[in-house]
Amino acid sequence: MQRLRRLLRKKSVRDAERAFVVEGAKVVGEALDAGAPVQSAFVGPGAPPELVERLLDAGARVHTLEPGVMERVADTVTPQPIAAVVGYIDVPLEQLRDASLVVVCVDVRDPGNAGTVLRSAEAAGADGVICCEGSVDVYNPKTVRASAGSLFHVPVIVGGSPAAATDAVGSFGLTRLATVAHGGPDYATVDLTGRVALLLGNEAHGLPDEVAGAADAQVSIPMAGRTESLNVGMAAAVLCFEAARQRRRAGNGD
């Protein structure tokens, strides 16, 4: 339980052990579905018996907890009855060499937004998400929860400078589109059917000038109301699903 508490609270411990915590039956099930390396599980009253059986079948060490123990350890006000320790699952950047749609997070700090980016990218069929250094830890418990299991189903690259990531996806042949609040072409008019990398910036400040300047083009989401811009999670959803829509339409020949 002390290990579980440390992994929930400290990135340094997660990095040292290359392991993180997954909370809740749904996300633990997603980890098993994806074949992620589930090392151990902590099961309290109310945990689904069939999920416990799956964990045992997968070779995980299962620890049964007395009532009230999970509440003293978990990261949420209303804790889930099951949590698991899973080995890191990020992949090398080289895995995206043949990718068609990539999302690059530059200085994205909010864990909920990062989780939404992962969820949107996976749901729209993106080939990978790059979380550059300076962005929130993708293994942060809040990010893991917000991803709703998508962390296990879309390849994630962790670390590396924004400049290095931008250069790499360009060298792979992807067109790099910098998302800007104002001044870029309307996203609905931009051709997203080719090989594209969407560059998403900080919630408050957007992309650094050096990253935006290195992009091949810019794209904006027009605002009809008084809101100046969408948060980065919502922007990722809009752009990823526009890319998916255009690709479906192109595939149908319409």
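For the structure given in this document, a descriptive report is provided here. (Residues numbered from 1 in each chain as written. Predicted model: local features only at pLDDT ≥ 70, side-chain atom pairs only at ≥ 80, totals over all residues. Heavy atoms only, no water.)

1. Quick look at the pattern of salt bridges
Consideration 1: Here the structure, examined in full by the defined rule, presents 11 salt bridges.
Consideration 2: E17 is the partner of R3 in a salt bridge, and the nearest nitrogen-oxygen pair spans 2.7 Å. Taken together, the residues R3 in helix α1 (residues 2-9) and E17 in helix α2 (residues 11-17) connect sequence positions 14 residues apart.
Consideration 3: In this structure, D216 engages R176 in a salt bridge whose closest nitrogen and oxygen atoms are separated by 3.1 Å. In this pair, D216 is assigned in the loop between α9 (209-214) and β10 (217-219) and R176 in strand β8 (residues 175-179), connecting sequence segments 40 residues apart. (Salt bridge = Lys/Arg side-chain N within 4 Å of Asp/Glu carboxyl O. Helix = DSSP H or I, 4+ residues; strand = E, 2+ residues; numbered from the N terminus.)

2. A few points about the environment of A237
Consideration 1: Within the secondary structure layout, A237 lies in helix α10 (residues 232-252).
Consideration 2: Sequence separation of A237 and A124 is 113 residues, and the distance between their C-alpha atoms is 8.2 Å.

3. Here's the deal with α1
Consideration 1: By the burial criterion, the buried members of α1 are L4, L7 and L8. Burial along α1 is one-sided: seen end-on, the buried residues are contained in an arc of 100°.
Consideration 2: In this fold, the buried residues of α1 make contact with α2, β1 (19-23), β2 (38-43), α5 (69-73), β4 (82-87) and α7 (141-147). (Buried < 20%, exposed > 50% of the residue type's maximum accessible area, 1.4 Å probe, protein only. Arc of directions from axis to C-beta. Contact = heavy atoms within 4.5 Å.)

4. Points about the pairing of strand β5 (residues 101-105)
Consideration 1: With five of five residues buried, β5 is to be regarded as a mostly interior element.
Consideration 2: Inspection of the sheet shows β5 paired to strand β9 (residues 196-200) by five bridges, in the parallel sense. For V103, the partnering residue across the bridge sits in β9 and is L198.
Consideration 3: Since β5 and strand β6 (residues 128-131) lie parallel, the crossover through helix α6 (residues 111-123) that links them has a hand, and here it is right-handed. (Pairing = 2+ DSSP bridges. Right-handed = clockwise from strand over helix to strand, strands pointing away.)

5. Focus: the packing of aromatic side chains
Consideration 1: Enumeration according to the criterion identifies four aromatic pairs in this entry.
Consideration 2: Each ring, one from F20 and one from F152, has its centre 6.1 Å from the other, and the planes form 25°; the classification is stacked. One end of the pair, F20, is in strand β1; the other, F152, is in the loop between α7 and β7 (156-158), and 132 residues separate them in sequence. When sorted by exposure, F20 lands in the same class as F152, which is buried. (Phe/Tyr/Trp six-rings, centres within 6.5 Å; stacked < 30°, edge-to-face > 60°.)

6. Some thoughts on the sheet that holds strand β3 (residues 61-64)
Within a sheet, adjacent strands bond to each other through the backbone by hydrogen bonds, running parallel or antiparallel.
Consideration 1: Strand order in the open sheet made by the four strands is β1-β4-β2-β3, with mixed pairing throughout. With one partner strand each, in any of the chains shown, β1 and β3 form the two edges of the open sheet. When strand polarity is set aside, the average angle formed by the axes of neighbouring strands in this sheet is 20°.
Consideration 2: The sheet contact formed by β1 and β4 spans five bridges and is antiparallel. From the neighbouring strand, A19 faces β4, where its bridge partner is G87.
Consideration 3: The sheet contacts of α1 involve β1, β2, β3 and β4, and relative to β1 the element is tilted by about 95°. (Axes fitted to C-alpha atoms, helices over the stretch in contact; angles between N-to-C directions.)

Remember that the coordinates give geometry; whether it matters functionally is a separate question.
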